[in-house]
Amino acid sequence: MTLDVLRVHDLLVYYDTPAGAVTAVNHISFGLKAGERLGLAGESGSGKSTLALSILRLLKPPGRIAAGEVWLDGVNLMTLSEEDMRQVRLARIALIPQGSMNSLNPVMRIKEQLADALQDHGVRLSKRDVAERVRDLLQWVGLRPEVADMFPHELSGGMKQRACIAIAISLRPQVIIADEPTSALDVVVQKQVMETLARLQKDLQAAVILVGHDMGLMAQFVDRLGVMYAGQLVEVSPVRDIFTQPLHPYTQMLIASLPSLEQKGTFRGIPGLPPPLRTLPPGCVFHPRCPHAVERCQTEAPLFREVRPHAWAACHLL
Amino acid sequence: MTTLLEARHVTKLFSSGLLDRHATVALEDFSLVIDSERPSITAVVGESGSGKTTLARLLLGLVAPTRGEVLYQGQDLQNMSHTTWRAFRRDVQVIFQDPYEVYNPFYRVDHVLTTPVAKFKLASSKAAARALIAEVLQAVGLRPEETLGRFPHQLSGGQRQRVMVARALLLRPRLIVADEPVSMVDASLRATILGALRTMHLERGISLVYITHDLATAYQISDNIVVLYRGSVVEAGDVELVVKQPHHPYTQLLMSSIPLASAERTWTTDSGTSTMGLQAAESAGCKFADRCLRATSPCLQAAPPLFHTDRYRAVSCYLYQSAPALAVTEMGKAFTGPAKLSHGDGM
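If you're wondering where the values come from, they're calculated on a predicted model, not measured in any experiment. (Residues numbered from 1 in each chain as written. Chains lettered and ligands numbered in written order. Predicted model: local features only at pLDDT ≥ 70, side-chain atom pairs only at ≥ 80, totals over all residues. Heavy atoms only, no water.)

*Asks:* Any details on the overall build of chain B? Residues and values, ideally.
*Replies:* Scanning chain B from N- to C-terminus turns up 11 helices and 13 strands. Its C-alpha radius of gyration of 21 Å places chain B within 12% of the 20 Å reference for a compact globule of 347 residues. Considering only C-alpha atoms, chain B reaches an extent of 65 × 55 × 45 Å along its principal axes. In chain B, which comprises 347 residues, the share counted as buried stands at 53%. Counting only contacts in chain B whose residues sit at least 6 apart along the sequence, the fraction spanning at least 24 positions is 65%. (Helix = DSSP H or I, 4+ residues; strand = E, 2+ residues; numbered from the N terminus. Rg over C-alpha atoms; globule rule 2.2 N^0.38 Å. Buried < 20%, exposed > 50% of the residue type's maximum accessible area, 1.4 Å probe, protein only. Contact = heavy atoms within 4.5 Å.)

*Asks:* Got a sec to walk through the environment of threonine 42 of chain B? Specific residues and values, please.
*Replies:* Residues and elements named next belong to chain B. Mapped onto the fold, threonine 42 is located in strand E3 (residues 41-45). The buried category is assigned to threonine 42, whose relative accessible area is 3%. For threonine 42 and aspartate 223, which are 181 residues apart along the polypeptide, the C-alpha to C-alpha distance reads 6.2 Å.

*Asks:* Could you give me a rundown of the packing of helix H7 (residues 187-204) of chain A against helix H10 (residues 249-257) of chain B, with the residues and numbers involved?
*Replies:* Between H7 of chain A and H10 of chain B, the least distance of the axes is 8 Å, while the angle of their chain directions is 50°. Considering their axes alone, H7 of chain A and H10 of chain B lie oblique with respect to each other. Two packed elements cross with a definite hand, and for H7 of chain A against H10 of chain B that hand is left-handed. Across the interface between the two elements, Val187, Val188 and Lys191 of chain A from H7 of chain A touch Leu253, Leu254, Ser256 and Ser257 of chain B from H10 of chain B. Considered class by class, the residues forming the contact of H7 of chain A with H10 of chain B number four nonpolar, two polar and one charged. (Axes fitted to C-alpha atoms, helices over the stretch in contact; angles between N-to-C directions. Parallel < 35°, antiparallel > 145°, perpendicular 65-115°, else oblique. Left-handed = near helix turned anticlockwise from the far one by under 90°. Nonpolar A, V, L, I, M, F, W, Y, C, P; charged D, E, K, R; others polar.)

*Asks:* Can you tell me about the packing of aromatic side chains, naming the residues and giving the values?
*Replies:* The tally for this structure, following the rule as stated, stands at 10 aromatic pairs over all chains. A ring pair is formed by tyrosine 250 of chain B and phenylalanine 288 of chain B, whose centres lie 5.4 Å apart and whose planes are at 65°; its orientation type is edge-to-face. Separated by 38 residues along the polypeptide, tyrosine 250 of chain B in helix H10 and phenylalanine 288 of chain B in the loop between H10 and helix H11 (297-301) bring together distant segments of the chain. Residues tyrosine 250 of chain B and phenylalanine 288 of chain B agree in their burial class; the two are buried. A network of ring pairs unites the aromatic residues Tyr229, Tyr250 and Phe286 of chain A as a single cluster. Taking the ring centre of tyrosine 219 of chain B as reference, the NZ or CZ of lysine 264 of chain A above it sits at 6.0 Å. (Phe/Tyr/Trp six-rings, centres within 6.5 Å; stacked < 30°, edge-to-face > 60°. Lys NZ or Arg CZ within 6 Å of the ring centre and 35° of its normal.)

*Asks:* Now, about the interface of chain A and chain B: what can you tell me, with residues and values included?
*Replies:* On the side of chain B, 52 residues touch chain A, which itself brings 49 residues to the contact. Buried surface at the junction of chain A and chain B, summed over both partners, amounts to about 4300 Å²; 57% is from carbon and sulfur atoms. Contact with chain B buries area across many residues of chain A, yet Gln220, Leu261 and Lys264 of chain A alone supply 20% of it, more than any other trio. Where chain A packs against chain B, one counts one salt bridge. (Buried area = accessible area lost by both parts, 1.4 Å probe. Salt bridge = Lys/Arg side-chain N within 4 Å of Asp/Glu carboxyl O.)

*Asks:* I'd like a rundown of the sheet that holds strand E6 (residues 93-96) of chain A, residues and numbers included.
*Replies:* All names here are of chain A. Strand order in the open sheet made by the eight strands is E6-E7-E8-E3-E9-E10-E12-E11, with mixed pairing throughout. Unpaired on one side and paired on the other, E6 and strand E11 (304-308) mark the two borders of the sheet. Strand-to-strand, the axes of this sheet are offset by a mean angle of 25°, without reference to chain direction. The pairing of strand E10 (residues 232-238) with strand E12 (residues 311-314) spans two bridges and is classified as antiparallel. Paired with glutamate 235 across the strands is alanine 313, a residue of E12. (Pairing = 2+ DSSP bridges.)

*Asks:* Before we move on, could you go through helix H1 (residues 48-55) of chain A and cite the residues and values that matter?
*Replies:* All names here are of chain A. In terms of burial, H1 is largely enclosed, as six of its eight residues are buried. Listing the buried residues of H1 in full gives Lys48, Thr50, Leu51, Ala52, Ser54 and Ile55. Arginine 57 occupies a position one or two residues after H1 and carries a positive phi of about 55°.

*Asks:* A description of the sheet that holds strand E9 (residues 224-229) of chain B should follow, citing residues and the corresponding values.
*Replies:* Residues and elements named next belong to chain B. Taken together, nine strands build an open sheet; the order of strands is E6-E7-E8-E3-E9-E10-E12-E11-E13 and the sheet is mixed. Looking at the sheet topology across the chains shown, the edges are occupied by strand E6 (92-95) and strand E13 (325-326). Two strands pair when backbone bridges link them, and E3 and E9 are joined in this way by four bridges, in the parallel orientation. The partner of valine 44 across the bridge, within E9, is valine 226. With respect to the sheet, helix H1 (residues 52-59) is in contact with E3, strand E7 (175-179), strand E8 (207-212) and E9, its orientation differing from that of E8 by roughly 150°. In the packing of helix H2 (residues 82-91) onto the sheet, the strands contacted are E6 and E7, and the crossing angle to E6 comes to about 50°.

*Asks:* I'd like a description of the environment of histidine 111 of chain B, backed by residues and values.
*Replies:* Residue and element names in this part refer to chain B. Here histidine 111 is to be found in helix H3 (residues 110-119). For histidine 111, a relative accessible area of 32% corresponds to the partly exposed category. Distance from histidine 111 to glycine 332, taken between C-alpha atoms, is 39 Å for residues 221 residues apart in sequence.

*Asks:* So, the packing of helix H4 (residues 110-120) of chain A against helix H6 (residues 157-169) of chain A: which residues are in play, and what are the values?
*Replies:* All names here are of chain A. At a closest axis distance of 9 Å, the pairing of H4 and H6 adopts a crossing angle of 20°. Overall, the two elements H4 and H6 adopt an arrangement that is roughly parallel. Judged by the sense of rotation from one axis to the other, the crossing of H4 with H6 is right-handed. Here Ile110, Gln113, Leu114 and Ala117 of H4 come into contact with H6, specifically with Ala163, Ala166 and Ile167. When the residues that make up the contact of H4 with H6 are grouped by side-chain class, the tally is six nonpolar, one polar and no charged.

*Asks:* Describe the confidence of the model for chain B, with residues and values.
*Replies:* Residues and elements named next belong to chain B. In this model, chain B carries a mean pLDDT of 86, and residues with pLDDT of at least 70 account for 90%. Confidence over residues 271-281 falls short of pLDDT 50; this stretch has 24 contacts with residues more than four positions distant or in other chains. Low pLDDT, under 50, characterises residues 339-347; the predicted model gives this stretch 17 contacts beyond four residues in sequence or across chains. For this predicted complex, the interface confidence score (ipTM) comes to 0.83, while the overall pTM stands at 0.86. (pLDDT = per-residue confidence, 0-100.)

*Asks:* An account of a positive patch on the surface is requested, with residue identities and associated values reported.
*Replies:* A surface patch of like charges, here positive, comprises Arg86, Arg90, Lys119 and Lys121 of chain B. Counting through the fold element by element, lysine 121 of chain B comes out in the loop between H3 and helix H4 (126-139). (Patch = residues over 30% accessible without salt bridge, like charges linked within 9 Å, V, L, I, M, F, W, Y side chains within 5 Å. Areas by Shrake-Rupley, 256 points an atom, 1.4 Å probe, with all protein chains shown as cover. Lys, Arg positive; Asp, Glu negative; His and termini not counted. Charge placed at Lys NZ, Arg CZ, Asp CG, Glu CD.)

*Asks:* Can you explain the nonpolar core? Please cite residues and give values.
*Replies:* Core analysis: the largest hydrophobic core is formed by 71 residues, its most contacted members being Leu113, Ile176, Leu197, Leu215 and Ile225 of chain B. Ranked by residue count, the leading element in this core is helix H6 (residues 157-170) of chain B, at seven residues. Not counting residues up to four positions away in its chain, the partners in contact with isoleucine 176 of chain B are Gln93, Ile95, Ala168, Leu169, Leu197, Ile206, Ser207, Leu208 and Val209 of chain B. Core analysis: the second largest hydrophobic core is formed by 70 residues, Leu197, Met215, Ala230 and Phe286 of chain A among them. (Core = buried A, V, L, I, M, F, W, Y, C linked by side-chain atoms within 4.5 Å.)

*Asks:* Please give an account of the pairing of E8 of chain B that cites residues and values.
*Replies:* All names here are of chain B. The buried fraction of E8 amounts to six of the six residues, a majority that puts the element mostly inside the structure. Along E8, one buried face is formed by Ser207, Val209 and Ile211 and the opposite face, lined by Leu208, Tyr210 and Thr212, is buried too. Judged from the five bridges that link them, E3 and E8 form a sheet pairing that is parallel. In the sheet register, valine 45 faces E8, and the bridge partner there is threonine 212. Bridge count between E7 and E8: five bridges; the pairing is parallel. For isoleucine 176, the partnering residue across the bridge sits in E8 and is leucine 208. The β-α-β motif built from E7, the intervening helix H7 (residues 187-204) and the parallel element E8 has right-handed crossover chirality. (Right-handed = clockwise from strand over helix to strand, strands pointing away.)

Right, dumping it as structure tokens:
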């Protein structure tokens, strides 16, 4: 039995708005095993990116972590000082951000950005050793050594994403959070980048949280998948189960909404819209769109519990 | 057969500066016919840089072709009378990729819906206009009371895009050119929007040119598909054939790269192509040759024509040179007729 490398407990995140606080992450708990690939899937507004940023304590106002714990190797990240947290980031838990185009500094060469990350985390190396380290990192992510001297605008989208991955793994973190790392890339390049990430993850024996909306990418990459809806985790199951025997009605309908390449006319949208986070419905958040909802669903919020071995869901009907 | 819109030998070059000798070929010798009597759904699929957005802009007359012409009912878009232009503007509607830049941030979203109603006199009264607008908003899964009166920044990208689809539907056009209409929309709503477009096609006979990078939605919605690679058609024909048994090495690479949303892991550990990033120099030959595992010397000499490999498919690759060649303007010969449409789907 592998121990959890990361444990999120009862995390509650608000966005403060003039009209009051909006619950973006609604009492979420889950564990991440060492070397595991966990997916967090959800539609826009489901809170998946907010959850990822909250774990890293990178959420900016009006976002606010109201309660909860995030344990990484025996330390509750929520109790660390700002400076201690800054040191943990990258060294122990790193982010591959969404939209690599915007996360690199446009006026710094790639090697300077890599060296910057190392130096900021107390890695003291001679100029020559830094150059060598940069070359190794670039090679590791499948980039040619010449890229070190280039500026971001000289790189293609896939190359920029690889540069971001190089920064993220530069201090060999135990946990990598990848927030839609390939959403701006073409499918052929996406596959190559994800293959690179998979290889690095194995080399580092790191755990990965992949955040995204592309269920295909989840199916092909992760071991376990968490499905989010309106700020809540409605199901966490082994990824195969999600596609063969999804538990939660939302997961079932989400799977049915995916266009297949096997058979025409096999996908169906989910009627209705996600609820506005400001005024969540009472009871189960999915009940207004759920075809199986019963009276209890309208009044009582279902508990998130283990329905089958390793498969957790929050639904009264299970 | 009368044509509604036709692209004939269209080439579009982009060059930067007066003396730039290295013009970028965005689209090369492209031809496509949209019939006015037999409505069709044609998907144009390609990755970024394949020229698919340039094609959309050419079909809409927003940019002029460098060579060749785009004809609306036989008249060149670049040289059309004001009256014909007005008819074209109503008959041919567009849904763009980025739903942000089409809005004026100072106007409420209602503006993009009320303007066409007024300009084209679509409603006889204010109440009728409101009812019409409410109907199209509901068709794309939006609640009118939560949408109207808002400013663009108050809506999500998906919501903004659905307002654009609603706007196109409002005008009851004969052709909609949709450039990545659902790439910024969530999965559960994608089906709703594509379903709305398909319903418009089936019930009102609107043709659709569906431009996308997503083969799965292209497969679901279209009858025929055109696969572009760096400005050239590599494979075209019946979507069932092209998607189920891709012939061109590029189509095959594209298909094998798609992360399938199923319990089966289809991604292998090695994709077989090593070329990353930087684009190869322009050559006279096949544009895919530098990435193709099956390229031989003829591929570098001259670009392959379309070979008519099956009744409903044409492939631009020398692997199929035993099949008869088709002129680019004859690509339509490899398309299935609308009779093959299956109507009883659940979208």
